[in-house]
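One letter stands for each residue in the lines below.
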Amino acid sequence: MISVILWKWRCHSYPDNPELICPKQIRIMKALVYHGPGKKSWEEKEKPVIQKATDAIVRITKTTICGTDLHILKGDVPEVTDGRTLGHEGVGIIEEAGEFVTKFKKGDHVLISCITSCAVCDYCRKGMYSHCENGGWILGHLIDGTQAEYVRIPYADTSMYKIPENSDEEALVMLSDILPTGYECGVLNSQISPGDTVAIVGAGPVGLAALLTAQFYSPSLVIMIDPDDNRLAVARKMGATHTINNRNEMAVEKVFKLTDNKGVDAVIEAVGIPATFELCQSLVAPGGRIANVGVHGKSVELHLETLWAKNIAITTRLVDTISTSMLMKTVQSGKLNSKQLITHRFKLSEIIRAYDCFEQAAKEKTLKVILSND
Ligand SMILES: [Zn+2]
Ligand SMILES: [Zn+2]
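All values reported here derive from a predicted model rather than from experimental measurement.

The rules we used
- Residues numbered from 1 in each chain as written.
- Chains lettered and ligands numbered in written order.
- Predicted model: local features only at pLDDT ≥ 70, side-chain atom pairs only at ≥ 80, totals over all residues.
- Heavy atoms only, no water.
- Helix = DSSP H or I, 4+ residues; strand = E, 2+ residues; numbered from the N terminus.
- Buried < 20%, exposed > 50% of the residue type's maximum accessible area, 1.4 Å probe, protein only.
- Contact = heavy atoms within 4.5 Å.
- Areas by Shrake-Rupley, 256 points an atom, 1.4 Å probe, with all protein chains shown as cover.
- Lys, Arg positive; Asp, Glu negative; His and termini not counted.
- Charge placed at Lys NZ, Arg CZ, Asp CG, Glu CD.
- Donors = N, O, S within 2.8 Å, 3.2 Å for Na, K, Ca; no water.
- Phe/Tyr/Trp six-rings, centres within 6.5 Å; stacked < 30°, edge-to-face > 60°.
- Lys NZ or Arg CZ within 6 Å of the ring centre and 35° of its normal.

It is not clear to me how the overall build of the protein chain should be interpreted in this structure. Could you clarify?
Along the backbone of the protein chain there are 15 helices and 16 strands. Principal-axis analysis of the C-alpha atoms gives the protein chain an extent of 80 × 40 × 40 Å. Classification of the 374 residues of the protein chain by burial places 54% in the buried group. Contacts in the protein chain between residues far apart in sequence, at least 24 positions, make up 68% of those at least 6 positions apart. Total accessible area computed for the protein chain in this model is approximately 17,400 Å², and 53% of it derives from carbon and sulfur atoms. Distance from the positive charge centre (41 side chains) to the negative charge centre (44 side chains) of the protein chain: 2 Å.

Dropping the structure here:
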């Protein structure tokens, strides 16, 4: 402490002394900082430090931008306060590990989970890390996130994964959030079995992640519904058996035609607006499941007058990231090509331009962007 004060004093006293390396300068990094609705900047910020012995500091090597970050910037997530570094996805190298961190050491290559898990609270012990009483979704939300040169990860042992040697970092960035989200909230919750018919409403990155992982279970039909022809073309390449542009086609009629007038066994909602949730209710077959993935900001109408006797189930979920290790193995073995979701690459310092590209998704044909901190 005394030495820090002394250094601060010396830095202050001799700002022009080139001989003197000011620790304050060593402690400065760049980060994408939220300053209230519509305001963000790439600016200098103090580097994070270990606060608890279970923390680790990670030097980010690659990160990305999520649709949730755009929700935050619109002001939809009021818990995010002025000054918060955004981002909850990324891979990096351990810069420093706290005293109680046992799984990782300085220099280890790690995948950061968007969900922080303490591993000991009631929810964690049930495998519901999303609702961890000491973590959950806190990165880039309640604590500073990954769109920065360095990030502090609490409960490092149980909130990160060691990256095997010779792995493709870009492919693994997709495993921080969107692959587990599409898989757990969409595919697992809709209980897709071999031969099932599936409809996915929304062909954004998470809808496409659901499409990729739905194929683990060999459904007979996967119908992708979206108003963007480019995204539908991508969906066909990724394995959709049919696509419907619901801007100019009658989605319900077409789905019923494809399914002998039954509707589909599994419907995944990956948009988060009332119209798409209503569409899902019209598509579900008797005995079917509607799995909501979308982040909703408005209430939706529930049509129990038609659904009450249909033996259906509706599920909601915040990703628990219980599937991350499994997904990592499928990526490593080449069974799952998560890299297909990446359309644009930028340097981390070009993040403002990357946000523009991500916001103009239809025009720029953007799915996921990769930001590299070289
Ligand atoms: Zn996200
Ligand atoms: Zn917990």
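Please explain the coordination of the zinc ion (ligand 1) as it appears in this structure.
As a benchmark, a tetrahedral metal site with four donors has ideal angles of 109.5 degrees, while an octahedral site with six donors has ideal angles of 90 or 180 degrees. The protein atoms donating to the zinc ion (ligand 1) are Cys66 (SG), His88 (NE2) and Asp177 (OD), with metal-donor distances spanning 1.7 to 2.1 Å. Counting along the primary sequence, the residues that act as donors to the zinc ion (ligand 1) give the motif C-x21-H-x88-D. Here His88 is found in the loop between β4 (84–85) and β5 (90–97), whereas its partner Asp177 is found in the loop between α6 (169–173) and α7 (178–188), with 89 residues between them in sequence. Owing to a relative accessible area of 7%, Asp177 belongs among the buried residues under this scheme.

When you look at the coordination of the zinc ion (ligand 2) in this model, what are you seeing that I'm missing?
Looking at the zinc ion (ligand 2), the protein donor atoms are Cys118 (SG), Cys121 (SG), Cys124 (SG) and Cys132 (SG), and they sit 2.3 to 2.4 Å from it. Sequence positions of the donors to the zinc ion (ligand 2) reduce to the motif C-x2-C-x2-C-x7-C.

I'm lost on the packing of aromatic side chains in this one. Help?
Any pair of aromatic rings gets described here by the distance separating the centres and the angle formed by the planes. Within the structure shown, the criterion is met by three aromatic pairs. Arranged with centres 5.8 Å apart and planes meeting at 70 degrees, the rings of Tyr183 and Phe216 form a pair that is edge-to-face. You can see Tyr183 sitting in helix α7 and its partner Phe216 sitting in the loop between α8 (205–214) and β10 (221–226), a full 33 residues away along the chain. Assessed through its relative accessible area of 7%, Tyr183 is described here as buried. Note on Phe216: relative accessible area 33%, which makes it partly exposed. Between the aromatic rings of Phe216 and Tyr217, the centroid separation amounts to 6.5 Å while the plane-to-plane angle is 65 degrees, which identifies the pairing as edge-to-face. Taking the ring centre of Tyr150 as reference, the NZ or CZ of Lys47 above it sits at 4.3 Å.

Everything listed here is a matter of coordinates, which is why it stays silent on function.
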